[in-house]
Amino acid sequence: MVERRIEGDRSQLRVNGRPTSAKALALHLAGTGLGRGGYAVVGQGEVGAVLESPEAQLLAHLEEAAGLRPVAEAVRLTEERLAQAQALVEERERALKALKEEVEALAREADRARRARELSLLKLRLKRSLLLARKEALAEEAQGIRSRLKALEAELQGLQEAMEALLARKRDLLAEEEGLRQALEEAHLALKEREGLMGEAGSLRRVLQALDRPPPPEPGPEPPRSEEAPEALRARLRSLREEIRRKEAEVQRTEEARRRYEAERARYEERLAARLEALKEREALRPEVEALEEEVARLTARLKERQRLEVRLKEVEAQQRGVAKERERLHRLVESGADLHEGPRRVRGLSGVLGVVADLLRPEPGLEQALEAALGPRLQWVLVEDEEAAKRAIAHLKRVGGRATFLPLTLLRPRPLPEPKPFPGLLGPARALARLRLPGLPEEAVLGVLFGDTLVFQDLDRALAYLRAGGGERLVTLEGEVVERTGAITGGRLRAGGEALLLRRRLDEAEAEERALAQEAQALRERLSAFPLPKALEEAQARLFSLRARLERPLPPSPSPRSPRKRPRLRTSRPYARRRPASRPSSRRRKPMPASWRGSEPGRSGRGFRRRRPGSAPGLRSWKRP
């Protein structure tokens, strides 16, 4: 029993009370004539129509009549399922192929990422080694400065001790000088006393000679006898002798006082001259000390500037060494051609080969990724002089292996390209945003063939807006998306995009930085050659120290002149002479002395000591003022 129950939009089929599907029901009814399209009853006149039915319908009727309908349905269903399975297998194969391609792309990306990571780690190691080298250099410099500072401190301490010893020696020498000066003054005083004594002895010898002369042959008349008594004369003689001794002692004291005065005066004048000389020397040293202080200050400032330049020179030299290592590494990487295909790498350096486009192209800064995407496989093209050079290079690749595309200069056929109209986000034609490294090449023609009418835009939205506005050129963005003339868009995540051109850009920047650092180092060396050496400052400081020591040296004590004792005046009055009466006229002359009383010594007539009178007491002398 077949039952169909309809509930709303759904229907449920049951055969003998069991739920089933429409396809299973059709299989059950197949061959009974009760199925869809069955022939349970054939009316009169319908046999011809059945016979004239199409082959597929007639075959279905025959299968129904023969009871093969379930088998045919099963075969058809199996074929459909096989076709579906085949389509599913093909789809899975395509998906698997896509997945394999994606895996290969991811593997290449992983290799590039690993390489980028290795390069970044190498860069970090180089930076670390550079910083460690700089740190070691600074540590060595600091150690040298500390050792130099210790040596200078020890030298300063030694100089201070030497200065103290010199000051002590100076004090000893000053004391010794003072003692020698006093001894010299005493010697001068003794010499002057000796001279005075020698003079006095000479005068005494002359007096003795005068006294010891033999008496004259004719003594002459006797002097008149004195009216006084002999005792009075003897008493007066004694008093005169005492007066003579007193006067002689007074004369001796006066001479000694005069000699002491002369010695004190000479000592005072010598000390005063020494003090004036010291003051004069100090006044002369002041401008020299001031000039030397200015010189020391100037040298100190210049040496500070020199130290700053030396520190900067060491930094520049360290940076230059680091940049030189980076430049050598990049140069080796570019020379090895690791980023080139096998063919272009093997033809570099052949006769007639000008170079690979990746090596010859120099894009504007920041456009490496865009121009590399714009070039695509043309980045690996090889620029040659003519077709013969291309043929030789191809023959070489056939021998060693590899394949490359060659662009002979003699076969360049650039088509005229119109200038694009201004548009928002348009940076310009790609051919105008790059240059060739080799001079003398037809740059415009080569770049025109390589880039064509490709335009560079800032981003994809503005490039698509330009395309919708009617632009028919090939477009490329700064991030590497490419919009073809047909509307196809190429893009995605390319970590290594722009790496070939960027690598060469970094090499150019490293070479330029190395040249700039070399020029700066040379300029710093030239500037340092004009600065004084530390030895000049040390010599100036030593001179300043010496001059300051001379300037701060204590002056000789200011001499205080002593008030010499008043020299006693020697009186030459004759106490034994009689006083002249006041009433005696001043015009009265004394009678001349007889010639027999005068001394016969030439030059002493009427002068000097008189001869002893006959009959007078021996030793009596008359003092006459010269």
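What counts, and at which threshold
- Residues numbered from 1 in each chain as written.
- Predicted model: local features only at pLDDT ≥ 70, side-chain atom pairs only at ≥ 80, totals over all residues.
- Heavy atoms only, no water.
- Helix = DSSP H or I, 4+ residues; strand = E, 2+ residues; numbered from the N terminus.
- Buried < 20%, exposed > 50% of the residue type's maximum accessible area, 1.4 Å probe, protein only.
- Contact = heavy atoms within 4.5 Å.
- Areas by Shrake-Rupley, 256 points an atom, 1.4 Å probe, with all protein chains shown as cover.
- Phe/Tyr/Trp six-rings, centres within 6.5 Å; stacked < 30°, edge-to-face > 60°.
- Lys NZ or Arg CZ within 6 Å of the ring centre and 35° of its normal.
- Pairing = 2+ DSSP bridges.
- Axes fitted to C-alpha atoms, helices over the stretch in contact; angles between N-to-C directions.
- Salt bridge = Lys/Arg side-chain N within 4 Å of Asp/Glu carboxyl O.
- Parallel < 35°, antiparallel > 145°, perpendicular 65-115°, else oblique.
- Left-handed = near helix turned anticlockwise from the far one by under 90°.
- Nonpolar A, V, L, I, M, F, W, Y, C, P; charged D, E, K, R; others polar.

Enquirer: What exactly am I supposed to notice about the overall build of the protein chain here?
Expert: Regarding its fold elements, the protein chain presents 13 helices and 13 strands. Per-residue burial for the protein chain yields a buried fraction of 24% across its 626 residues. Partitioning the intrachain contacts of the protein chain with sequence separation of at least 6 by distance along the chain shows that 70% fall at a separation of at least 24. Accessible surface for the protein chain amounts to roughly 44400 Å². Of this, 54% is attributable to carbon and sulfur atoms.

Enquirer: Looking at this model, I keep getting lost on the packing of aromatic side chains. Mind explaining?
Expert: In this description, an aromatic ring pair is defined by two values, namely the gap between the centres and the angle between the planes. Under the criterion given, the structure shown has three aromatic pairs. Each ring, one from phenylalanine 423 and one from phenylalanine 457, has its centre 6.3 Å from the other, and the planes form 75°; the classification is edge-to-face. Of the two residues, phenylalanine 423 sits in the loop between strand E7 (406-408) and strand E8 (426-429) while phenylalanine 457 sits in strand E10 (residues 455-457), which places them 34 residues apart along the sequence. Taking relative accessible area as the criterion, phenylalanine 423 reaches 26% and is therefore assigned partly exposed. Classification of phenylalanine 457 as buried rests on a relative accessible area of 0%. Ring geometry for phenylalanine 457 against tyrosine 466: centres 5.1 Å apart, planes inclined by 45°, an arrangement best described as tilted. The exposure class assigned to tyrosine 466 is buried, which follows from its relative accessible area of 10%. Taken together, Phe423, Phe457 and Tyr466 form an aromatic cluster joined through their ring pairs. Positioned above the aromatic ring of phenylalanine 531, the side-chain terminus of arginine 302 is 4.1 Å from the ring centre.

Enquirer: Can you walk me through helix H8 (residues 368-375) in this structure?
Expert: Side chains three or four residues apart in an α-helix point the same way, a direct result of the helix having 3.6 residues per turn. For H8, the buried fraction is high: six of the eight residues fall into the buried class. The positive-phi residue at the C-terminal boundary of H8 is glycine 376, with phi of around 65°.

Enquirer: I tried to follow the sheet that holds strand E6 (residues 382-384) on my own but got confused; where do I start?
Expert: Strands pair in a sheet through their backbones, by hydrogen bonds, and they do so in one of two ways: parallel or antiparallel. Strand order in the open sheet formed by three strands is E4-E6-E7, with mixed pairing between adjacent strands. Of all the strands in the sheet, just strand E4 (353-356) and E7 have a single pairing partner and so form its edges. Shown here is a sheet whose adjacent strand axes are inclined to one another by a mean of 25°, direction ignored. In this sheet, E7 lies alongside E6 in parallel orientation, the contact comprising three bridges. By the bridge assignment for E7, valine 384 is matched with proline 408.

Enquirer: Help me out: how do you make sense of the sheet that holds strand E13 (residues 489-490) in this one?
Expert: The strand order across the open sheet formed by five strands is E8-E10-E11-E12-E13, and the pairing between neighbours is mixed. Bordering the open sheet on either side are E8 and E13, each of which pairs with just one other strand. Across two bridges, the pairing between strand E11 (residues 475-477) and strand E12 (residues 482-483) is antiparallel. Opposite leucine 475, over in E12, you have valine 483 as the bridge partner. Together, E10, E11 and E12 form the strand contacts of H8, whose direction differs from that of E11 by roughly 150°. Contacts between helix H11 (residues 460-468) and the sheet are confined to E10, E11, E12 and E13, with E11 contributing the most and set at about 165° to the helix.

Enquirer: What am I meant to see in helix H10 (residues 443-451) here?
Expert: Considered for burial, the residues of H10 that qualify are Ala445, Val446, Leu447, Gly448, Leu450 and Phe451. The elements touched by buried residues of H10 are helix H7 (357-360), strand E5 (361-363), H8, E6, E7 and strand E9 (434-436). In the segment just after H10, glycine 452 is the residue with positive phi, at about 65°.

Enquirer: Where do I start with the pattern of salt bridges in this structure?
Expert: If charged atoms from side chains of opposite charge come close, those side chains can pair. The tally for this structure, following the rule as stated, stands at 36 salt bridges. For the salt bridge of glutamate 283 with arginine 286, the shortest nitrogen-to-oxygen distance reads 3.9 Å. Of this pair, glutamate 283 and arginine 286 both sit in helix H5 (residues 230-336), three residues apart, which is roughly one turn of the helix. Its salt-bridge partner being arginine 348, residue aspartate 359 comes within 2.9 Å of it at the nearest N-O pair. Residue aspartate 359 is found in helix H7, and its partner arginine 348 is found in the loop between helix H6 (342-347) and E4; the two are separated by eleven residues along the sequence. The structure contains a network of salt bridges with shared partners spanning Glu243, Arg246, Lys247 and Glu250.

Enquirer: Sorry, what's going on with the packing of H5 against helix H12 (residues 499-529) here?
Expert: A pair of packed helices is captured by two measures, namely the crossing angle of their axes and the spacing between those axes. For the pair H5 and H12, interaxial distance at closest approach is 8 Å and the crossing angle is 155°. As the angle between them shows, H5 and H12 are arranged roughly antiparallel. Remark: the crossing between H5 and H12 carries left-handed chirality. Residues that form the contact of H5 with H12 fall into these classes: 16 nonpolar, three polar and 17 charged.

Enquirer: What exactly am I supposed to notice about the pairing of strand E2 (residues 10-15) here?
Expert: One face of the sheet, then the other: side chains in a regular strand alternate in exactly this way. By the bridge criterion, three bridges tie E2 to strand E3 (residues 18-20) in an arrangement that is antiparallel. If you follow valine 15 over to E3, its bridge partner there is arginine 18. The hairpin formed by E2 and E3 contains two residues between the paired strands, and asparagine 16 there has a positive phi angle of roughly 55°.

Enquirer: Explain the packing of H5 against helix H13 (residues 534-552) here, please?
Expert: Two elements in contact, H5 and H13, have axes separated by 9 Å at closest approach and are oriented at 155°. What the angle tells us is that H5 and H13 run roughly antiparallel. Where H5 crosses over H13, the handedness of that crossing is left-handed. For the contact of H5 with H13, a count of residues per class yields 13 nonpolar, two polar and ten charged.

On their own, these measurements won't tell you what the molecule is for.
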